[in-house]
Amino acid sequence: MALLSGLEEGQNLPRLMDLYGRVVRKLRISVTDRCNFRCSFCMPETPAWIPNDSILSFDEITRFVRVCSTKFGVDRVRLSGGEPLVRKDIEKLVAQIAFTPGIKHTCMTTNGTYLAEKARSLKNAGLQSVTISLHSLRPERFEKVTRVNGHAKVLEGIRAAKSAGFVNVKLNSVIVRGYNDDEILDFATLAHDEGFNMRFIEYMPFDGRKSWQMEKVVSGDEILARIAKKYRIVPLERERGSTAVNYRFEDGAGGEFGIIASITRPFCSDCDRLRLTADGKLVPCLFGDKEYDISPLLKDDRADDEIAQFLKEIVRLKPPGVESLIKASAELKHVRAMYQIGG
Ligand code: SF4
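We now turn to the structure provided with this report.

Thresholds, definitions, all that
Residues numbered from 1 in each chain as written. Predicted model: local features only at pLDDT ≥ 70, side-chain atom pairs only at ≥ 80, totals over all residues. Heavy atoms only, no water. Helix = DSSP H or I, 4+ residues; strand = E, 2+ residues; numbered from the N terminus. Rg over C-alpha atoms; globule rule 2.2 N^0.38 Å. Buried < 20%, exposed > 50% of the residue type's maximum accessible area, 1.4 Å probe, protein only. Contact = heavy atoms within 4.5 Å. Areas by Shrake-Rupley, 256 points an atom, 1.4 Å probe, with all protein chains shown as cover. Lys, Arg positive; Asp, Glu negative; His and termini not counted. Charge placed at Lys NZ, Arg CZ, Asp CG, Glu CD. Polar contact = N/O pair within 3.5 Å; in protein donor to acceptor, adjacent residues only side chain to side chain.

The helix and strand tally for the chain stands at 10 helices and 12 strands. Its C-alpha radius of gyration of 19 Å places the chain within 12% of the 20 Å reference for a compact globule of 343 residues. Considering only C-alpha atoms, the chain reaches an extent of 55 × 45 × 40 Å along its principal axes. Every one of the 343 residues in the chain was classed for burial, and the buried ones make up 57%. Of the contacts made within the chain by residues no fewer than 6 positions apart, 73% connect residues no fewer than 24 positions apart. Summing over all exposed atoms, the chain offers an accessible surface of approximately 14800 Å²; the carbon and sulfur share of this is 52%. Of the side chains in the chain, 52 bear a positive and 46 a negative charge, and the two mean positions are spaced by 1 Å.

What follows covers the environment of Leu-185. Here Leu-185 shows up in helix H6 (residues 184–194). Note on Leu-185: relative accessible area 29%, which makes it partly exposed. Expressed as a C-alpha distance, the spacing of Leu-185 and Lys-229, which sit 44 residues apart in the sequence, is 9.2 Å. Beyond its immediate stretch of four places on either side in the chain, Leu-185 contacts Arg-226, Ile-227, Lys-230 and Tyr-231.

Among the structural elements, Ser-80 can be located in strand E2 (residues 76–80). At 3.0 Å, the side chain of Ser-80 and the backbone oxygen of Gly-342 are in polar contact. Excluding its chain neighbours within four sequence positions, the residues that come into contact with Ser-80 are Ile-29, Ser-30, Val-31, Thr-32, Thr-109, Ile-341 and Gly-342.

From the geometry alone we can't say anything about function, so treat these as descriptive.
So this is what it looks like as structure tokens:
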């Protein structure tokens, strides 16, 4: 891992850099652990919710973002949950973040159930892109895994996102062997025929029920091979720090698809993400076994410089990532289930 210079050209802000020379440019913020779904590869049977009074306020989250952007040049924020749209007045937070100095891109990952009502107000608040989780195209299978008869609502939400003016709407699907891997071609056809950006995500061990097994992981290579049986595809150049490797269809059809192969082709070498949980814990690495509580600094209204100093210290402790764990055949453990980190 080449050591990058501390100061990016054209930018005279110091950077949040770890010991491997990786610079934080993107924040992933879980605004709540609550969700209206109970996806079996995410939620435990009985979720232990974060107490309400521990959840960061919109002003505390925005303060955190402002310190990251004005002190360290962080410019992208992804909001997630649980399900971010269950948080009341979420548009207010979107607007606060979208208009924070230095923030160039504000996006959200949602399960889409409330998008039909909220797509336009989110767009007006300054949200620039939306990613919707869609783990099956079959309503009965969808209901089996989410425990909610919500398939039609999600499809309506996807249409509402497009008509609200969101471009390049991304659809995320976690592929689990024996559950939905027989829909890989259907998802690819959705991208090909309807112009969506379909993202296939390898199943990761963040399920609250601890039922993850390597055997259930369908590798990115296998997903690609299955798609290539039907479509001629062209790989696209990977953006620095991107989690996905993207492809387009050779016949020029509208959509694209991406593969997020966190387990079989991890992308830790240029990881540029830092996560904040809904109760104010910093999670430098998804596969790390540590989290750091920044909420006291935000709740006690400490000085920006104190928060900045804390951030610098924590990012320096960012572990190398899952890539090194897999190389060492170490156990893949995690600090929290996905609904408590937000991906
Ligand atoms: S495992 Fe950690 S270091 Fe690797 S890409 Fe994920 S968050 Fe980044």
